Amino acid sequence: MVKVAVLDSAVDIFSSIFENANVYICDEFSSGRDEFENKHGTAVCEVIGQNIKGNDRIEFVIFPIFDENGEADPEDIIAALNYIDNIGDFQIVNMSMGFLDGTYEKEMDQICCSLRRKGTILVASFSNTGEMTYPACLDSVIGVDISNKIDIKDSYIFNKEGCVNIIFPDKQYSISFGKENIYLVRGTSFAAAELTGKIISYLLREIDASYEKLMEYLSQRAVKKIGNLYEKDCIKPEFEFGKIGLFPYCKETVSIVQSKEFLHYKLVGIYDYKYSSHIGEIIENPYDCSKFIVESEKNIPWNEIETLIVAYTAENNNLIKKIFYTTIHEAIEKGIRIYSFDDITKIYNNKQVWCPIINNDFLPKTQEGKLWYINKPVIGILGTRSRQGKFTTQIRFVRALQERSYDVGWISTEPAGYLFGADYVFAYGYHSTVQLNTEEYTIAINKMLHDMSKTKDINVIGLQGSVLHLNTGNINQLSIKQHALLFGAYTDVVILCVNITDDEILIESIINYLCACFGVLVIGILIYPMVYIESLSGNFEEIVATSQQLELKIKKLEEKFKCYIFVMNDQNISSLVDIIIDELSGE
């Protein structure tokens, strides 16, 4: 006898489809549901039976947990599974339903793992709309999906690991409900029922078969098998940085010096090519008034640093290139670790050299395009263009949240993010080390946020450049990548960084775009207090905006937009953090 739990709607127990079978309705879950439509549960049981020869050795126990809208509450699913776990003698559970809310992931996973350890086989369907749903996505559950890319009607694709384990063709099932008329139905619910029927048929022949033998049986009968979920799960630095030196002088390394008090590692110094005009220049940290003098690469104190942070290579000057690679080679010879913002791993392929490369090895192989629902708040720090302090804002924002005892997840799109405690670096900007297409951008960011949300209270992500493109004359100027990242991020609120020279039309367009496309609230605007003036040589000179300029800009923005307007500084960022916490808390 195989005992099967069916979590679904109520069923017509007098239907001829249950002829010779033992059918029971679990009374604990039937109260108040008798009047609900019972066709879905009956149809699911009929599909299960179509794959079995004879019902006399099957016991169906129906858990009618669907409401009048044909939906199941996560708490009802968990309650039913707990009941089954306590009874302890079910061989298989069929769940032709699911839900999006990851809030219940931990509780659902615990009960499903408990059942799996006791030998109960769990089968669940994903949603017909292609979303990532629970409990089908859990490791302890056989998740069933459908696809119109499978030509062989009676076969399926098999994957033992990952979220989607069985993929059936998107086909029609003939249902009679035990009567003369024939109805055609389709969807993941019935694909899951088909698999449950196949498993019951197998268990009737191999009653003592292990779960591993069942997986082998299903694998052997698949038209196609898919490999591991991930080939490479870790994309974080494989070593601790320790004491660091910065090389060469550039916007990124200067920014690191200016944010030194937030570094997770001790900064020894900043170095540049011996021919550089920056040699001898003093870089001052505005917060602790510490000063660093830019020194020649010849003066790098190799005995004092453990990791050399190597920023971007010079592309056009052969002499500079030679110095660059000579310096790296010398560091490696002396046992110094290299963290490079550029991909130099093809030149230096050893464990001392690391850069934040993200490629297809990181992507899940069997999600069929499904995206995780992010069950923890996501704060987006976006901008109207480049060079407006977005990375600095992220650093300070994360620190302010941590000071309020929040465990913060952070995805940095600047390669320096790991130096400041970022959980992931997705460096898709200048000299990108992201080797993915834009569709894969969405999947990768979504996976990172999902993984962080398992342990973090709140997440922060920043974007490069402008949310909206400023011209359409070149595909490289379009905000395609930003668009892809936002689809994967599910941001709840956004801080928009603007320049003092940005006109209100651009800002309004971005706010409307974020609302219309992603349904996200721009809760505050931060005005970058610097003005960039471009010289004839193409370089930018940074000038501090006057108080009059800032006051005028604030006034204009307050007249136009119904959100908080601040000048970008530590005090105002702290105030904005409190505002966001209140907003997310519903206060």
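Throughout what follows, the structure given in this document is the object of discussion.

1. Quick notes on unusual backbone geometry
Cis geometry is found at the peptide bond from Tyr134 to Pro135, where omega equals 5°. Residue Pro248 is bonded to the preceding Phe247 through a cis peptide linkage, with omega at -10°. Assignment of secondary structure puts Pro248 in the loop between β12 (244–247) and α6 (251–258). Positive phi is not limited to glycine here, since Tyr490 has a value of about 50°. The residue Tyr490 is located in the loop between α10 (480–489) and β24 (493–499) in this model.

2. Focus on the environment of Asp361
The residue Asp361 is located in the loop between β19 (353–354) and β20 (378–383) in this model. Residues Asp361 and Ile235, spaced 126 residues apart in sequence, show a C-alpha to C-alpha distance of 9.6 Å.

3. As for the sheet that holds β19
Read from one edge of the open sheet, six strands run β16-β13-β12-β17-β18-β19, paired in parallel fashion. For this open sheet the edge positions go to β16 (295–296) and β19, each flanked by a neighbour on one side alone. Running at roughly 160° to strand β17 (residues 307–310), helix α7 (residues 318–333) makes contact with β12, β17, β18 (337–340) and β19 of the sheet.

4. Concerning empty space enclosed by the protein
Enumeration according to the criterion identifies two cavities of 30 Å³ or more in this entry. Empty space within the largest cavity amounts to approximately 50 Å³. Lining the largest cavity we find Phe262, His264, Ile395, Val398, Arg399, Gln402, Trp410 and Phe420. For the lining of the largest cavity, the leading source of residues is helix α8 (residues 390–403), giving four residues. Considering only residue class, the lining of the largest cavity consists of five nonpolar, two polar and one charged.

5. Considerations on the nonpolar core
By size, the foremost hydrophobic cluster in this structure holds 147 residues, and its most contacted members are Leu7, Phe63, Leu81, Leu419, Phe426 and Leu514. Excluding anything up to four places from it in sequence, Leu419 contacts Phe241, Ile244, Ile256, Leu263, His264, Tyr265, Ile309 and Tyr339. Grouped together as the second largest cluster of nonpolar side chains are 47 residues, Phe18, Val44, Ile121 and Ile200 included.

6. Topic: the side chain of Thr253
Its place among the elements puts Thr253 in helix α6. Given the relative accessible area of 0%, Thr253 is considered buried. At 3.0 Å, the side chain of Thr253 and the backbone oxygen of Pro248 are in polar contact. With residues up to four places along the chain from it excluded, the contact list for Thr253 reads Leu246, Phe247, Pro248, Ile270 and Ala311.

7. Describing the state of the cysteines
In the structure shown here, the tally under the stated rule is zero disulfides. In this model Cys45 remains outside any disulfide bridge; the closest cysteine sulfur is found in Cys26, 14 Å from its own. The exposure class of Cys45 is buried, given its relative accessible area of 3%. As a non-bridged cysteine, Cys497 has Cys563 as the owner of its nearest cysteine sulfur, 12 Å distant.

8. Here we look at the sheet that holds strand β1 (residues 2–8)
Sheets are built from strands paired through backbone hydrogen bonds, the pairs being either parallel or antiparallel. Pairing is mixed across the open sheet formed by nine strands, whose spatial order is β2-β3-β1-β4-β5-β6-β8-β7-β11. Taken across any chain shown, the strands that pair with only one partner, and hence form the sheet edges, are β2 (22–25) and β11 (224–225). Sheet topology places strand β7 (residues 157–158) next to β11; two bridges connect them, and they run parallel. Bridge pairing in β11 links Ile157 to Lys224. Packing of helix α1 (residues 39–50) onto the sheet brings it into contact with β1, β3 (58–64) and β4 (92–95), and relative to β1 it is tilted by some 145°.

9. Section: the packing of helix α2 (residues 74–87) against helix α3 (residues 105–117)
At a minimum axis separation of 10 Å, α2 and α3 run at an interaxial angle of 25°. Taken together, the axis directions place α2 and α3 in an arrangement best described as roughly parallel. At the point where α2 passes α3, the crossing takes the left-handed sense. Listed contacts from α3 to Pro74, Ile77, Ile78, Leu81, Asn82, Ile84 and Asp85 of α2 are Glu107, Met108, Ile111, Cys112, Ser114 and Leu115.

10. Quick word on the pairing of β24
With seven of its seven residues buried, β24 lies for the most part within the structure. On β24, burial covers both faces: Val493, Ile495, Cys497 and Asn499 on one face and Val494, Leu496 and Val498 on the other are all buried. Across five bridges, the pairing between β20 and β24 is parallel. Note that in β24 the partner of Leu382 across the bridge is Leu496.

11. Remarks on the pairing of strand β13 (residues 267–272)
By the criterion of burial, β13 is predominantly enclosed, with five of the six residues buried. As judged from the three bridges shared by β12 and β13, these two strands associate in the parallel manner. By the bridge assignment, Gly245 is partnered in β13 with Gly269. Once the chain exits β12 it traverses α6 before rejoining the sheet at β13, and the crossover so formed is right-handed. As judged from the two bridges shared by β13 and β16, these two strands associate in the parallel manner. Bridge pairing in β16 places Tyr271 opposite Glu295.

Rules and cut-offs
- Residues numbered from 1 in each chain as written.
- Predicted model: local features only at pLDDT ≥ 70, side-chain atom pairs only at ≥ 80, totals over all residues.
- Heavy atoms only, no water.
- Helix = DSSP H or I, 4+ residues; strand = E, 2+ residues; numbered from the N terminus.
- Pairing = 2+ DSSP bridges.
- Contact = heavy atoms within 4.5 Å.
- Axes fitted to C-alpha atoms, helices over the stretch in contact; angles between N-to-C directions.
- 1 Å grid on protein atoms, 1.4 Å probe; cavity = no way out; pocket = protein on both sides within 12 Å on 5 of 7 lines; lining within 4 Å.
- Points joined across faces, edges and corners; volume = space filled by probe spheres on them.
- Nonpolar A, V, L, I, M, F, W, Y, C, P; charged D, E, K, R; others polar.
- Core = buried A, V, L, I, M, F, W, Y, C linked by side-chain atoms within 4.5 Å.
- Buried < 20%, exposed > 50% of the residue type's maximum accessible area, 1.4 Å probe, protein only.
- Polar contact = N/O pair within 3.5 Å; in protein donor to acceptor, adjacent residues only side chain to side chain.
- Disulfide = S-S within 2.5 Å.
- Parallel < 35°, antiparallel > 145°, perpendicular 65-115°, else oblique.
- Left-handed = near helix turned anticlockwise from the far one by under 90°.
- Right-handed = clockwise from strand over helix to strand, strands pointing away.

None of the figures reported here should be taken as evidence of function without further support.
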